[in-house]
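Architecture and fold: a report
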Amino acid sequence: MRVRHARVEDAAEMARVNVRSWRETYRGVMADHVLDDPGLPAARERFWTAMLSGERYRANRVAVAERDGEVIGIAMAGPSRSSESQWGTQLYVLYVVAAEHGTGAGAALLDAVIGPHDSAALWVADPNPRAQAFYRKHGFVADGTANVEDGVREIRMVRLL
């Protein structure tokens, strides 16, 4: 397995991993009509193309994990959107296909986009005990903040160093 910086030409594979991960992880958490929308893969490919090519996203760090030349995980972090935060970085995306859970791909992706000693924050679906345990293992703690976005309850986890 190797982790590298994502490139614009990775957008289609990143969209595939994004959609597959959502379907594997969020069934019953996200609405079925969202997960089963036939336009979802194309929408996510447009999203990733914009993230990897748009000038306004240049400060983001985006990485992919590959095994045998196939993208198996994706991650993106960037500047915090909150001007009053105690952390400078926010993890926006970290998805690894279910078959690769527990292989170290998630940890390698996290380290590729957020330094191990950087203060950071993220939002994680709740319930999502596996992801929450993963983030706790990497020094993040729930700070008591929650919201609901697109019908999905999320909690904020932070790592302050």
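Describing the packing of aromatic side chains
Scanning all chains against the criterion turns up five aromatic pairs. On the numbers, 6.4 Å between centres and 85 degrees between planes, the contact of tryptophan 22 with tyrosine 95 is edge-to-face. Of the two residues, tryptophan 22 sits in helix H1 (residues 11-25) while tyrosine 95 sits in strand S4 (residues 89-96), which places them 73 residues apart along the sequence. The residues tryptophan 22 and tyrosine 95 share a single accessibility class, namely buried. Ring geometry for phenylalanine 134 versus tyrosine 135: centroids 5.2 Å apart, planes at 75 degrees, classification edge-to-face. For tyrosine 135, a relative accessible area of 7% puts it in the buried group. One aromatic cluster is present, formed by Trp22, Tyr26 and Tyr95 through successive ring pairs.

So, the sheet that holds strand S5 (residues 120-125)
Ordered by their spatial adjacency, seven strands build an open sheet running S1-S2-S3-S4-S5-S7-S6, and the pairing between neighbours is mixed. Each end of this open sheet is capped by a strand with a single partner; those strands are strand S1 (2-5) and strand S6 (141-149). Each strand of the sheet is rotated relative to its neighbour by a mean of 25 degrees, with strand direction disregarded. The pairing of S1 with strand S2 (residues 61-67) spans four bridges and is classified as antiparallel. Within S2, the position partnered with arginine 2 by the bridge is glutamate 66. Most of the contacts of helix H3 (residues 40-53) go to strand S3 (residues 70-79), to which it runs at about 55 degrees, and overall it touches S2, S3 and S4. Running at roughly 165 degrees to S5, helix H5 (residues 129-137) makes contact with S4, S5 and strand S7 (152-159) of the sheet.

Observations regarding the pattern of salt bridges
Summed over the entire model, instances satisfying the criterion amount to 13 salt bridges. Among the ionic pairs, arginine 2 bridges to glutamate 66, the shortest N-O distance being 2.9 Å. A residue pair is termed long-range when its members are at least 10 positions apart, and arginine 2 in strand S1 and glutamate 66 in strand S2 qualify at 64 residues. The class of glutamate 66 is buried, set by a relative accessible area of 10%. For arginine 16, the salt bridge goes to glutamate 13, with nearest N and O atoms at 2.8 Å. Taken as a pair, arginine 16 and glutamate 13 lie in helix H1 at a separation of three residues, close to a single helical turn. Exposure remark for arginine 16: the relative accessible area of 27% places this residue in the partly exposed category. Judged by relative accessible area, which is 33%, glutamate 13 ranks as partly exposed. Each member of the salt-bridge network shares a partner with another, and the members are Arg2, Arg4, Asp10 and Glu66.

What counts as what
- Residues numbered from 1 in each chain as written.
- Predicted model: local features only at pLDDT ≥ 70, side-chain atom pairs only at ≥ 80, totals over all residues.
- Heavy atoms only, no water.
- Phe/Tyr/Trp six-rings, centres within 6.5 Å; stacked < 30°, edge-to-face > 60°.
- Helix = DSSP H or I, 4+ residues; strand = E, 2+ residues; numbered from the N terminus.
- Buried < 20%, exposed > 50% of the residue type's maximum accessible area, 1.4 Å probe, protein only.
- Pairing = 2+ DSSP bridges.
- Axes fitted to C-alpha atoms, helices over the stretch in contact; angles between N-to-C directions.
- Contact = heavy atoms within 4.5 Å.
- Salt bridge = Lys/Arg side-chain N within 4 Å of Asp/Glu carboxyl O.

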